[in-house]
Structure formats: structure tokens, C-alpha cells
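Each chain is listed here by its residues.
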Amino acid sequence: MTQHEQPGLSRRRILTGAGAGMAAGSALLAGCAQADDGKTARTWDVEADIVVVGGGAAGCTAAVIAADRGARVVLLEASPMLGGTTRKSGGVAWVPNHPLLSELGLTDPKPDAMRYMCRYAFPNDYNADHPTLGLDERSYKLLEAFYDNGAPMVDKMKALGAVEFGLFTVGTDKKPSPDYADHLPENKVPVGRALAPKDENGETLAGTVGHGGRITDACETWLTSRGAPILTGHRATKLVLEEGRVIGLEARTGERTVTIGARKGVIFATGGFAHNTDLLQLHQTMLYGSCAVPQSQGDFIGMAASAGAVPGTLSTAWYTQVVLDQALENRVMGVGVFFVPSDSMVLVNKYGHRVVNEKRNYNDRTKVHYVYDPVNADYPNQLLFMLFDHRALDAYGGNYPLPENPDAASYLIKGDSLDQLAENIAARLQSLAGRTGGVTLARDFLARTRQTIDRFNRYARDGRDPDFDRGLHGYDREWQGYFSILRPGSKARTGGMPNPTMYPFQDKGPYYAIILAPGALDTSGGPLTNEKGQVLAMGNQPIPGLYGAGNCVASPTRGAYFGAGGTIGPAMTYAYIAAMHATDGGKEG
């Protein structure tokens, strides 16, 4: 039975927005009711126990858990269908101590996992000898709650028949994926914590772009089969409070405003503000494009503030490099440069210097763009130039951003020699100067780039990168095989070098360049929450009836992307926590 054939609500009935959405909620129409004190109670268009806002992985998880616990649930989504940014993702979820680790003969004790998470998320505060590892109490409890509830969330979603996960593997030999900081001494389980959703046949998906839709589609099927209303085309606009408690919200659908009451709680999971240029201008530095869906406008920030919420940092994001030319055409990116493919390739700045291990994970690698030069008062790495030779293009074309068809990729810069390539890069920068703050190459860019490539070639032959340790750790090597797949029909020579991530540049051209800029999967800042998913007011006091999970709130993992699925795993876990607490009536303790 497909989800279109499920009893009750179907996607066909809910996709049309206002009309179908209100029809779906007709069973919950409240009308005027008489309160116990004799006063006339508030009238709602729709009323439920739990109102969930946002139809990505977090929102769908919250709705499923709340409905399973006997709550009457309404799920709102601003776009015409569920999924949000999750639908564009690989659907991978990083979860510590998950139940499938036993298949690998591994255990993930809490003290070890906490040391890894605290060390990675708070390197400037971390203290192994401190009771809370150097963190303030709220931050420590957030990570502790993630550890304590991640595995139960995975188990519960499977037991309900909503979403089942398998081990996420990489490479042709299907090895469990390594964490993004697999080499840190605090990480005692450097592989295996990442999970990927299983399809309807029980096969674990590969975690490629688009597989995230399996999570939200499976949850939608589960919810509709149980008659839980899903109101697509409904954008939350205003919280409704009564004596300091959130009791519902207003939402806009078409030209109509509807009111939706929440007897027990409102759980927001609406994503970040990656496409709200006003908020980006205020809180972010250089975010040229994002993989988030256009609906990522940061709506919850203003609504939560109106309820007295305290904002956490708004300057954080889940970073990824993006192709500058494409981002300037449309900041809503289909995909980011998650892993820089190829082996005969370097990233250099405007001075011709390598500034980063090109094989590190996208979130950490992108942060190098934000290095500030206090002498010249600029960002020397604002734009980076991905340089590679023709062998690399022949061998790995089709592994984004290396184009399969070079003639169809307008962002690709070509030069028959390094001299000509430098000239053509400079010309491209000149054409884009009005949108980059006038970034230009240094006068000695060509000479420095020649030196950089010569040094890299020596490193490739020796197998050791003393500058940035490229290829030294498991992460670099394992993901090289996942994102640098040999192009079918290629006659390029590969292998034969001691380090699989490095290969010398050819002595003769043509050579190529792609301009990379800082971007994001989405932002990761918003109101503060506690370990129960409650949104906090001044003094860390919870706002009754208001919860948040995912990218619309300040990240419980701060800026750390622990491994593949480092956004979805915490988002689903905190949605689970919020739903559990809200359905218990928001009781403390």
C-alpha cells in the first residue's frame, strides 16, 4: 500500500494548502466553549494537544512521538509538501551509543562519548578534570540529554514502524563511516555512529542527496494512517500566549489567517534563516549561498522573542563551501562542495597559499574562509581557488564540483598554462568585483602558486603533507573513495602514490580553477533551549508550552559537526525529547 492509498488523510488531500488543510482539521474545530470558571473560552479554528511546526526530520519525529503517546497532533508546514531541507539531504543521522554499534562489536560508554562531544564542541572550555568537562551546566546537560535520548529515539522510531535506520557506510568496501574528528584522542569510537534510513524494503540507503526524503515520507505515511492532520501551505506567523504560557499560534494559508490551539505545547522545528538576507546581514559574515530550502527564513526567531525568549548565538551555521558563480546566480543551492574531489588538486587563497587540508569535512574546512588579517584589514581567504589539472578532470569529472561536461560548466576557468589560468582567474574576479567586495589576486599570485604546486607535488610523491596532514587520518582516506569516484571511460592514470588523497600535478596544461566561497547547509542559531527542549526566557526559565528542535534554535552541539548526520541526529533526538516532555504536560523534574 502506497502512502497515497493510506486510510484517512492522503498527500493528495493535504497538498492543496488552505482548503484541504482546513478540511483535514475539521474534526478538531473547537467553536466557543464554556470554561470551568464560567467565562467564554478562546475560539480556535483548529485545536489539538500538540502543535508541531515544520515538516523536516525534527518536526516529523516530534509529531510521531507525540501521536504515539496519545496526544492529538497537528503538523504544520509552510511549503506545499513535507520534507524541508531534510528532503535535500542524505538522511544520515549521527547518534552516540545507538543500538547498531553492537553489530560492529563496539560500545560507546557515556563518559567517553561526553568527552568527545564536549572537546569538539567547546575546545576553548574543555577540561577533562572538571565535573562538567569545563562546560557551563546548561551546555553540558544539552549534550548529556543527546547521549541519553539518542538511542531510545532510534529504537522507538523503529518499534513504531515509522523510520528504521541501518549503519551508514562509505566506499566500495562498505566500511562504517568515520567521525569528522576521528583522530581526536577523546574519540574512543571513531567509526560507526552514523546511521542511514532504510527504504521500504528494509535496505539501508546510501546517504546520497535526496535520501533524507525517506525519513519524512515514512513519518508522513505513519501519521496519515493514524489520522493526524498535516496542514501544508500553512506558515506560522504569531504565537498566542495567555498568562505567560504559549497556548497556540496563528498561521497564514493563502490569504487567510487561521488560529490553532495547543492544549499541551507548541514544538517548533522550522529550520534556520539561511535565506533571510536581512538577518544574515545582521548576524552572519559572508554566507554566499545555502542548501537550505527557500522557506528557511528564521520565522521562529521573532516569534520566540515576542514570547520573551533569550537568543543564543545567531552567528553560527552548518558550513559548506559553495561554487561562487552558482551562488551569485541563485543563493538557494542544490548542493554544496561537501568534499573536494580529486587527488591532484589544491585550494589556494588570493596570495597563492594553501590554507587548509582540502580533505577535511565541509563544516570545519569552510571556517578557514573567516580568518581575518588585522594588518590588511581583510579576509585573505574570503574566496579560495580550487586548482587542478586535466588528468584530475578526466579521472574524476562528475564528482561535484568537477563537471562531467566541461563545456557546460560556466563556472569552470581554464588555462593552457598556469600563466594563462592566473590571467583568466583575475579576469573572472574582475567581472564579479561588484559582488565580492572587489577581491583581486595578489601581484605575486602566479609565482606563489607555482611554489605551492611544486611543494604539493613533492608531498604527493613522499606521501606526507607536513603542512596540513592531508590524508593522514582515516576520515580523509575513507571519504576520498566516497566522493572521488573514477569517471566511467576515463583513461587517466590513478593510484601508485603512497597517499591516496594526493597525486602530483601534470607538468603541462591545461589547468583549471573553480572559485569557492563560504556557504552553509543552514544556519544553526536561535533561541536558547534546555535539556528538555523547552525554549528559555531570562534566567534560564522555560517558557511554558514552547519547545524547539533543529536549526531554528541554538544548536545543542554548538558549532561541532560530530560526523555524517551531525545535524539530523541531534534534531531528531531533541524533537523526541520535546515531544516526550510536552505530552507529559510540561512537568518539571
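Our structure is the block above this text.
Below is a short write-up of the structure. Since we're looking at a predicted model, the values are computed, not measured.

### Examining the overall build of the chain
The helix and strand inventory of the chain stands at 16 helices and 18 strands. Relative to the 2.2 N^0.38 estimate, which gives 25 Å for 589 residues, the radius of gyration of the chain is 25 Å and therefore close to what a compact globule would have. By its C-alpha atoms, the chain is 85 × 55 × 50 Å across when sized along the principal axes. Put simply, 74% of the contacts in the chain that link residues at least 6 apart link residues at least 24 apart. In the chain, 57 side chains carry a positive charge and 61 a negative one; their mean positions are 1 Å apart.

### Digging into the side chain of Ser-555
Here Ser-555 is to be found in the loop between β18 (542-548) and α16 (568-583). Taking relative accessible area as the criterion, Ser-555 reaches 16% and is therefore assigned buried.

### What about the packing of helix α13 (residues 418-431) against helix α14 (residues 445-462)?
Where α13 contacts α14, the axes come no closer than 10 Å and their chain directions differ by 130 degrees. Here α13 is positioned oblique relative to α14, judged by the angle of their axes. For α13 against α14, the interelement crossing comes out right-handed. Of the residues in α14, those in contact with Leu-418, Asp-419, Ala-422 and Ile-425 of α13 are Phe-445, Leu-446, Arg-450 and Ile-453. A per-class count over the contact of α13 with α14 returns 6 nonpolar, no polar and 2 charged.

### Examining the packing of helix α6 (residues 137-159) against α16
Closest axis-to-axis distance for the α6/α16 pair is 8 Å, and the angle between their directions is 85 degrees. Of the possible angle classes, the one that applies to α6 and α16 is roughly perpendicular. Contacts between α6 and α16 involve Lys-141, Leu-142, Ala-145, Phe-146, Asn-149, Gly-150, Pro-152, Met-153, Lys-156 and Met-157 from the first element and Gly-569, Pro-570, Met-572, Thr-573, Tyr-574, Tyr-576 and Ile-577 from the second. Residue composition of the contact of α6 with α16, grouped by class: 11 nonpolar, 4 polar and 2 charged.

### Brief notes about the pairing of strand β14 (residues 384-389)
The side chains of a regular strand alternate, first on one face of the sheet and then on the other. Taken across its 6 residues, β14 has 6 buried, putting it largely inside the fold. Alternating positions in β14 separate into two faces, Leu-384, Met-386 and Phe-388 on one and Phe-385, Leu-387 and Asp-389 on the other, with burial throughout. Of the strand pairs in this sheet, strand β13 (residues 345-348) and β14 are connected by 4 bridges, and their pairing is antiparallel. Each residue of the ladder has a partner; that of Val-346, found in β14, is Leu-387. Examined bridge by bridge, β14 and strand β16 (residues 511-523) share 6 bridges and lie antiparallel to one another. Bridge pairing links Phe-388 to Tyr-512 in β16.

### Quick look at α6
Here α6 spans 33 Å end to end across 23 residues, near enough to the 33 Å set by a 1.5 Å rise per residue. At Asn-149, α6 shows its strongest bend, of approximately 35 degrees, with the proline Pro-152 following within four residues. Regarding α6, its N-cap is Asp-136, as a side-chain oxygen of that residue lies 3.2 Å from the backbone nitrogen of Arg-138 further along. Note on α6: the residue one or two positions beyond its end, Gly-161, has a positive phi of about 75 degrees.

### Regarding the pattern of salt bridges
A side chain of one charge can pair with a side chain of the opposite charge if their charged atoms are brought near each other. All chains considered together, the criterion is met by 33 salt bridges. Here Arg-69 and Asp-584 are joined by a salt bridge, their closest N and O atoms 2.5 Å apart. Taken together, the residues span a long stretch of sequence, with Arg-69 in the loop between α3 (57-68) and β2 (73-77) and Asp-584 in the segment after α16 at a distance of 515 residues. Residue classification places Arg-69 among the partly exposed residues on the basis of a relative accessible area of 34%. We note a salt bridge from Glu-186 to Arg-119, for which the minimum N-O separation is 3.8 Å. Residue Glu-186 is found in the loop between β6 (175-176) and β7 (194-197), and its partner Arg-119 is found in helix α5 (residues 110-121); the two are separated by 67 residues along the sequence.

### What about the environment of Asp-389?
Locating Asp-389 in the fold gives a position in strand β14. By relative accessible area, which is 0% here, Asp-389 ends up buried. Along the backbone, Asp-389 and Pro-466 are 77 residues apart, and their C-alpha atoms lie at a distance of 22 Å. Apart from the residues lying within four places of it in its own chain, the contact partners of Asp-389 are Ser-344, Pro-504, Phe-505, Gln-506, Pro-510, Tyr-511 and Tyr-512. Within the local environment of Asp-389, its side chain forms a polar contact with the side chain of Ser-344, the two groups lying 3.0 Å apart.

### Side note on the packing of aromatic side chains
The tally for this structure, following the rule as stated, stands at 27 aromatic pairs. Taking 6.0 Å as the distance between ring centres and 85 degrees as the angle between the ring planes, the aromatic pair formed by Phe-168 and Tyr-482 counts as edge-to-face. Note that Phe-168 is positioned in the loop between β4 (165-167) and β5 (169-170) and Tyr-482 in helix α15 (residues 474-483), a separation of 314 residues in sequence. You'll find Phe-168 and Tyr-482 in the same group, each marked buried. Relative to Tyr-482, the ring of Trp-479 lies with its centre 5.2 Å away and its plane at 80 degrees, an arrangement referred to as edge-to-face. Of this pair, Trp-479 and Tyr-482 both sit in helix α15, 3 residues apart, which is roughly one turn of the helix.

### So, the nonpolar core
Counting 118 residues, the largest nonpolar core has Phe-385, Ile-425 and Phe-562 as the members making the most contacts within it. The element contributing the most residues to this core is α16, with 10 residues. Filtering out sequence-adjacent residues up to four positions away, Phe-385 remains in contact with Val-346, Leu-347, Val-348, Asn-349, Lys-350, Ile-425, Leu-429, Leu-441, Phe-445, Ile-514 and Ile-515. Core analysis: the second largest hydrophobic core is formed by 28 residues, Leu-76, Leu-239, Val-535 and Ile-543 among them.

Definitions and limits used
- Residues numbered from 1 in each chain as written.
- Predicted model: local features only at pLDDT ≥ 70, side-chain atom pairs only at ≥ 80, totals over all residues.
- Heavy atoms only, no water.
- Helix = DSSP H or I, 4+ residues; strand = E, 2+ residues; numbered from the N terminus.
- Rg over C-alpha atoms; globule rule 2.2 N^0.38 Å.
- Contact = heavy atoms within 4.5 Å.
- Lys, Arg positive; Asp, Glu negative; His and termini not counted.
- Charge placed at Lys NZ, Arg CZ, Asp CG, Glu CD.
- Buried < 20%, exposed > 50% of the residue type's maximum accessible area, 1.4 Å probe, protein only.
- Axes fitted to C-alpha atoms, helices over the stretch in contact; angles between N-to-C directions.
- Parallel < 35°, antiparallel > 145°, perpendicular 65-115°, else oblique.
- Left-handed = near helix turned anticlockwise from the far one by under 90°.
- Nonpolar A, V, L, I, M, F, W, Y, C, P; charged D, E, K, R; others polar.
- Pairing = 2+ DSSP bridges.
- Expected span 1.5 Å × (residues − 1).
- Bend = angle between axes of the 7 residues up to and from the residue.
- Polar contact = N/O pair within 3.5 Å; in protein donor to acceptor, adjacent residues only side chain to side chain.
- Salt bridge = Lys/Arg side-chain N within 4 Å of Asp/Glu carboxyl O.
- Phe/Tyr/Trp six-rings, centres within 6.5 Å; stacked < 30°, edge-to-face > 60°.
- Core = buried A, V, L, I, M, F, W, Y, C linked by side-chain atoms within 4.5 Å.

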